[in-house]
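# Secondary and tertiary structure notes
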Amino acid sequence: MYVLEVLSGPLDGKTWAFEREITIGRDDKVAEACVALDRYVSRKHAMLRVDGERLLLRDLKSRNGTRLDGKSVGDDAHLEIGAPFVVGRTVLRVTRS
């Protein structure tokens, strides 16, 4: 089990638990992790997916992009547990529960 946590942004401290996959976005109809208060987050912005022992981060063709280590994320960037990443203007990280 993993926990997606907001480190900085309008929902500072908010968490979502997930096991295999979670979608991040502004619309709760298409995103399990809804960051509705950040207007720079797209309706369906990014996705996290567990692949064996690895955690993969993918930008879903969002308008403002997803950033990891200061670089834009495209398809399936490897995300280390605890490493911060940015969607819109919100900083998030994943930890194990």
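Look up: the structure comes first, before these words.
Counting of residues starts from 1 at the beginning of each chain's written sequence and follows it residue by residue. Totals for whole chains, interfaces and linings use all residues, but because this is a predicted model, local features are given only for residues with pLDDT of at least 70 and pairs of side-chain atoms are given and counted only at 80 or more. Water and hydrogen atoms play no part in the side-chain values, which are based on all heavy atoms of the structure.

### Digging into the nonpolar core
Operational definition: Put simply, a nonpolar core is a bunch of buried Ala, Val, Leu, Ile, Met, Phe, Trp, Tyr and Cys residues held in one set by side-chain atoms that sit within 4.5 Å of each other. With a 1.4 Å probe rolled over the protein chains alone, any residue whose accessible area is under 20% of its type maximum counts as buried; one over 50% counts as exposed, and the rest are partly exposed. Here a strand is any run of E in DSSP of at least two residues, a helix any run of H or I of at least four, and the numbering for each starts at the N terminus.
The biggest cluster of nonpolar side chains holds 24 residues, and the ones touching the most others in it are Leu 4, Phe 18, Ile 24, Leu 48, Leu 79, Phe 85 and Val 94. Mapped onto this core, the elements with two or more residues apiece are β1 (2-8), β2 (15-18), β3 (21-25), β5 (46-51), β6 (54-59), β10 (85-87) and β11 (90-96).

### Describing the pattern of salt bridges
As a reminder, the rule being used: Criterion for a salt bridge: a side-chain nitrogen of Lys or Arg within 4 Å of a carboxyl oxygen of Asp or Glu.
On inspection of all chains with the given rule, the structure shows six salt bridges. Here Glu 5 ties to Arg 93 by a salt bridge, and the two come within 3.0 Å at their closest N and O atoms. Of this pair, Glu 5 sits in strand β1 while Arg 93 sits in strand β11, and the two are 88 residues apart along the sequence. For Arg 93, a relative accessible area of 27% gives the class partly exposed. For the salt bridge of Arg 54 with Asp 51, the shortest nitrogen-to-oxygen distance reads 3.9 Å. Classification of Asp 51 as partly exposed rests on a relative accessible area of 36%. Salt bridges here are not isolated pairs; linked through shared partners, they connect Arg 49, Arg 58, Asp 75 and Asp 76.

### Description of the sheet that holds strand β7 (residues 66-68)
Keep this limit in mind: We call two strands paired when DSSP finds no fewer than two bridges between them.
In space, the six strands of this open sheet follow the order β2-β1-β11-β10-β7-β8, with antiparallel pairing throughout. Each edge of the open sheet is held by one strand with a lone partner, namely β2 and β8 (71-72). Pairing analysis gives two bridges linking β7 to β8, with the strands arranged antiparallel. What sits directly across from Leu 68, in β8, is Lys 71.

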